[in-house]
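Examining the three-dimensional arrangement
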Amino acid sequence: MGCGVTKSNHLHKHTTSSGRAVTTIRAAILIQRWYRQYVARTEMRRRYTWNIFQSIEYSGEQAQIKLYNFLGYLMDNFTPSSNERNLISHIFRENEVCRDAEWERYFCYKNIEVPEIYSGPHLTFPLTVEEAVGLVEAFRNKKQLHSRYVLQLLLETWKLLRMFPNINRISTCHSKEITICGDLHGQLEDLLLIFYKNGMPSLEKPYVFNGDFVDRGRDSIEILLILFAFLLVYPSNVYLNRGNHEDHIVNLRYGFTKEVLNKYKMHGKRILKLLQKIFSWLPLATVIDQKVLVLHGGISDSTDLGVLARVDRHIYISALRPPKKRHHSLAGISIDSDADVDTAAISRVFQRRASFTYPKPMGTRYCFQNRSLQDFSDRIRVNMENQLELSRREEPTLNTQINKPEQESLCLSTDSVSSDNTVDEWKQILDLLWSDPMTQDGCIPNEVRGGGCYWGPDVTEDFLNRHNLQLIIRSHECKQEGYEFCHNRKVLTLFSASNYYDVGSNRGAYVKLGPDLVPYLIQYQASSMTRELTVRQSVGRTERSALRVLREQLFAHKSDLLCAFRKFDSENKGLLSLNDWASAVESVMHLDLPWRMLRSQLVTCKNSEGTIDYYEWFNELAITGSKTDHIDQSLLEMLYRHRSTLETIFRIVDTDNSGFISMQDFRQTWKLLSVYLKMEITDEAISDLAVTIDSNHDGSIDIDEFMEAFRLTDKKSRLERGRSMFMGTASDLTKLEGDPNI
Amino acid sequence: MAENSKSAEATVLNTKVLKKLKGAFQAFDTKSDNTVDIKEIGTIFYSLGFFPTQADLQKFTSEVEDERSGYIHWDRFLPAMTKVLLEDKFPPISDELLLQAFEVLDKEKRGYLEPEELTNYMTKEGEPFTQEEMDEMLTAFTDEEKKHIYYKDVIPHLTLERKM
């Protein structure tokens, strides 16, 4: 029918009824054709909008790992007394080996009084079902749990978790259907929606929660408290798997730390410390009916459930760093260091093409000279170049490297056997929490995220056979429909945070598994906003957010882009063809986006011949404002690019979690940053920055205000996620700030 | 745009156009092996600014598909696409034409269509919509208050520029 239509531009109207019927049909076809084209284009836009968010999200994760490695290096190379070390040492003081009794005393809640006017829920222990359900209701009504009860709840949870094995084993006997949920990321609305649709956990309704309960959303602590409460009430019916965000290092960047400190001004630090331990005690995986494996990230070609079952999981407080043991140096000083662990191997585990490696100090492990940050930056430069040279020559892959004998003969570890084991165990856990599936066969390092692997269908096949399993259910990646099968339907990705990137960006889903072990999927989308939006509207809104975020990223890389453009523009005309522009942009940004398609949205100034005037384009992108005009543009650009890192460092430096840092510390922070970024920041430039923000000259700087002054954070939206103005954000937390009762 | 030649395969497209085709193709080459799923052919066409009908797509697909594998290789895609470009096979639908089409359906010339009417046409005539497609169209087009589809207003909002 369609092919028979002529290309004429007129629909001839006939007066005969049969003629009219033909015309009607042709009209209908035309409209259908046109509409389908429109929908397909919308789908394209949705897809690349997705890619934008995802690329930026993952590169943020990678940035966090790099930062952590860098800080670790600093730790090992400064004397214990140096100022810089003190600034950051407390985030590494994680593995102090203490007796349990000491911990119990530290977290003692008994002295905390609950005042009469407290209107939130009260808990008694042992916890009852009614109290757990009551907790859900209270949170639904925006109440906050008093810190006394929080600490008590966490203590009980910790005691319980210690008794669980690394791998939970459950069964669907008694015709029970098991419900499995993926990432929740602090989105309480989604958890409430799941409970509403599916019912709360009970003896008849077992649940598995597959990690990433916290970060990004604004109700992470509430979600944790609910999950823990049900865990306490139904220890044989609620199963929690650890996710890569159940990690205090990741939490520093992604909002959980901030959320807790804001909601619990007095006891937040203690709560966070206790949570560090709890996270490390979360089980690593769950196996259902010995056939279905549920874990957060995925597997690699070296994943071995036997090894994972035997590890001491709680010594891996953060998956980003191997466990440290107390070590006595030659000088007799007791220090925290990872001398027992093969640091060269570690650096190879984290080695990536373009990332900052964890450089080996050149034979100075036991030699602590007092160094200034300036000497330090030179060292890093040298080490970096050496490392990159080495890696370029070697072309490392994770697997070969771990077993290769050491090439740099600097490591003086005498305990090499146990250290190899530790690194291997650590790698297993890292892979489990951070890996993603890919379509090609094989297993390669996950360079995008900076941790774990990409694993292929052949690895899945082999793994399932070896362990006699039939399905892997994992989470870790946001999917538009809330779930996605891959690897011949042997791997199911499950994601339970709907509207993750923005309102209308994606659905959430959960899975029900009966004795037949056939996954039954239920999808949903939280928030009444989404139901009213048409496809077009929701894509449009998400797209605008994504593009805004992308424009900021482009601005942040202005210098590099300019360099790249000039390479293409040999005659220095200031003009580039569309193709050249796209190639140059990708070479700098490495986000693998369809730049040509995005061009019309990113570049509004355009010459008639289809060329782009890139200088004019930069003017378009520039961020200006009265407060920032006197600041050097390149510094501003740097601030922008690394704002997340900057904020993270600020929060680390802010040791009493007041939200303020002293001028002194402010300067130190900049010094740290300049070394990390290998960028010169003059004292004068730092003073300029300080002056901008310390308007009352009292010598202290409000971190939030600083970030906002440079439009580095936007109170009404989350830049990194491009959330729309309609959903609540961190500013809502300020409602509880003044409440002394919590 | 292209050099003249008897067979389309021998025709060389200029680099600019070639890059565009390649870009669109690669956007769907998820396995990075120079093939795309046949289900995506429609979307690729649309992203380049072409308006084939379903039948057109089926015909195109059957000519280039790799032995019913479900995938199309770049080597077969390119010559077929070149032909499409040369022959300007699937021209875009102008606003005027679209308006005329709606007016044909709006027999009483009211300036709008009722949802039931549109549904009837879209799901029974031509290359019928699925229920999902219909629901989506109605959600997008129906005026909230009057519950009518004022097609004259809808058309300019949704028409997109041709990319080629």
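Numbering of residues starts from 1 in every chain and runs along the sequence as written. Chain letters and ligand numbers both follow the written order, the letters beginning at A and the numbers at 1. Local features in this predicted model are restricted to residues whose pLDDT is 70 or higher, and side-chain atom pairs enter the listing and the counts only when it is 80 or higher, whereas totals over whole chains, interfaces and linings include all residues. No hydrogens and no water enter the side-chain calculation; it runs on all heavy atoms of the structure.

Quick look at unusual backbone geometry
All names here are of chain A. The criterion, for reference: Strands are runs of DSSP state E lasting at least 2 residues, helices are runs of H or I lasting at least 4, and numbering of each runs from the N terminus. The buried label goes to any residue with under 20% of its type's maximum accessible area, the exposed label to any with over 50%, and the partly exposed label to all in between, with areas taken from a 1.4 Å probe on protein chains only.
Put simply, Phe125 and Pro126 share a cis peptide bond, and its omega is 5°. Backbone geometry places Arg489, a non-glycine residue, at a positive phi of 60°. Structurally, the position occupied by Arg489 is in the loop between strand S13 (483–486) and strand S14 (491–494). Look at Arg489 and you get exposed, because its relative accessible area is 56%.

Thoughts on the sheet that holds strand S1 (residues 167–170) of chain A
All names here are of chain A. The cut-off we apply is this: Paired strands, in this sense, are two strands between which DSSP finds at least two bridges. What counts as an axis is a line fitted to C-alpha atoms, over the stretch in contact for a helix, and the angles between N-to-C directions run from 0 to 180 degrees. Whether two residues touch is decided by their heavy atoms; if any such pair falls within 4.5 Å, the residues are in contact.
Strand order in the open sheet formed by six strands is S1-S5-S6-S12-S14-S13, and the pairing between neighbours is mixed. In this open sheet, the two edge strands, each paired with only one partner strand, are S1 and S13. The mean angle between the axes of side-by-side strands here comes to 20°, regardless of whether they run parallel or antiparallel. For S13 and S14, the ladder comprises four bridges, and the chain directions are antiparallel. Each bridged residue has a counterpart across the sheet, and for Cys486 the counterpart in S14 is Val491. Contacts between helix H16 (residues 457–467) and the sheet are confined to strand S6 (292–295), strand S12 (471–474) and S14, with S12 contributing the most and set at about 115° to the helix.

Quick word on the packing of aromatic side chains
Residue and element names in this part refer to chain A. Put simply, the rule is: Working definition: a ring pair exists when centres of Phe, Tyr or Trp rings (six-membered ring for Trp) sit within 6.5 Å. Plane angles under 30 degrees give stacked, over 60 give edge-to-face, the rest tilted.
Tallying each qualifying case throughout the model produces 25 aromatic pairs over all chains. Centroid distance Trp581 to Trp617: 5.6 Å. Interplanar angle 75°. Geometry classified as edge-to-face. Taken as a pair, Trp581 in helix H20 (residues 578–589) and Trp617 in helix H22 (residues 614–621) lie far apart in primary sequence, 36 residues in all. With relative accessibility at 0%, the residue Trp617 sits in the buried group.

Structural notes on the pairing of strand S5 (residues 285–288) of chain A
All names here are of chain A. Because side chains alternate across S5, one face comprises the buried residues Ala285 and Val287, and the other comprises Thr286 and Ile288, equally buried. Pairing geometry for S1 and S5, over four bridges, is parallel. Across the sheet, Ile170 pairs through a bridge with Ile288, a residue of S5. Bridging between S5 and S6 involves four bridges; their strand directions are antiparallel. Paired with Ile288 across the two strands is Val292, which belongs to S6. Taking the residues between adjacent antiparallel strands as the criterion, S5 and S6 are bridged by three residues, where Asp289 takes a positive phi near 50°.

Observations concerning the side chain of Thr493(A)
All names here are of chain A. This is how the line gets drawn: What qualifies as a polar contact is a pair of N or O atoms within 3.5 Å, subject to a donor-acceptor requirement within protein and to the restriction that residues adjacent in sequence count only when both atoms come from side chains.
Mapped onto the elements of the fold, Thr493 is located in strand S14. Here Arg474 takes part through its side chain, which lies 2.9 Å from a polar atom of the side chain of Thr493. Those residues within four positions of Thr493 in sequence are excluded, and the remaining contacts are Arg474, Ser475, Glu477, Lys479, Gly482, Tyr483 and Glu484.

Digging into the side chain of Arg36(A)
Topologically, Arg36(A) is positioned in helix H1 (residues 17–77). Take Arg36(A): its relative accessible area is 9%, and that puts it in the buried class. What Arg36(A) contacts, discounting residues up to four positions off in sequence, is Tyr46(B), Gln54(B), Glu127(B), Pro128(B), Phe129(B) and Glu133(B).

Details of helix H7 (residues 220–233) of chain A
The condition that has to hold: In a helix, the anticipated span is given by 1.5 Å times the number of residues less one.
If you check H7(A), its first and last C-alpha atoms are 20 Å apart, about what 14 residues at 1.5 Å a residue would give, namely 20 Å. Of all 14 residues in H7(A), 14 are buried; the element is thus mostly enclosed.

Some details on the pattern of salt bridges
Where charged atoms from two side chains of opposite charge approach closely, those side chains can pair. All names here are of chain A. Heads up, the condition is: Any Lys or Arg side-chain nitrogen located within 4 Å of an Asp or Glu carboxyl oxygen qualifies as a salt bridge.
For the structure shown, the criterion picks out 20 salt bridges over all chains. Glu177 is paired through a salt bridge with Lys512; the nearest N and O atoms lie 3.8 Å apart. Within this pair, whereas Glu177 is found in the loop between S1 and strand S2 (178–181), its partner Lys512 is found in strand S15 (residues 508–513), the two being separated by 335 residues in sequence. With relative accessibility at 36%, the residue Glu177 sits in the partly exposed group. Exposure remark for Lys512: the relative accessible area of 9% places this residue in the buried category. A salt bridge links Arg474 to Asp436; the shortest N-O distance between them is 2.9 Å. Taken together, the residues span a long stretch of sequence, with Arg474 in strand S12 and Asp436 in strand S9 (residues 436–437) at a distance of 38 residues. Its relative accessible area of 0% is what places Arg474 among the buried residues. Taking relative accessible area as the criterion, Asp436 reaches 1% and is therefore assigned buried. In this structure, a network of salt bridges that share partners links the residues Asp436, Arg474, Glu477, Lys479 and Glu484.

Considerations on the confidence of the model for chain A
Residue and element names in this part refer to chain A. Short version of the rule: Per-residue confidence from the predictor is reported as pLDDT, which spans 0 to 100.
For chain A, per-residue confidence averages 73 on the pLDDT scale, and 65% of positions sit at 70 or higher. Counting contacts from residues 1–10, a segment whose pLDDT is below 50, to residues more than four positions away or on other chains yields 16 contacts. Residue range residues 712–742 is modelled with pLDDT below 50. Its contacts to residues more than four positions away, or to other chains, number 75 contacts.

Description of the nonpolar core
All names here are of chain A. Here is the rule we go by: To define a nonpolar core, start from buried Ala, Val, Leu, Ile, Met, Phe, Trp, Tyr and Cys residues and group those joined through side-chain atoms within 4.5 Å.
Ranked by size, the top nonpolar core spans 62 residues in total, and within it Leu145, Phe209, Phe213, Leu240, Phe256, Ile271 and Leu275 carry the most contacts. If sequence neighbours within four positions are ignored, Ile271 has contacts with Ser147, Val150, Leu151, Leu154, Ile221, Val260 and Tyr264. Of all hydrophobic cores here, the second largest spans 39 residues; its members include Leu554, Leu576, Leu602 and Phe618.

A few points about helix H9 (residues 256–263) of chain A
Residue and element names in this part refer to chain A. Of all the eight residues making up H9, seven are buried; the element is thus mostly covered by neighbouring parts of the structure. The set of residues buried in H9 consists of Phe256, Thr257, Glu259, Val260, Leu261, Asn262 and Lys263. Summarising the contacts, the buried residues of H9 are in contact with H7, helix H8 (248–254) and helix H10 (268–281).

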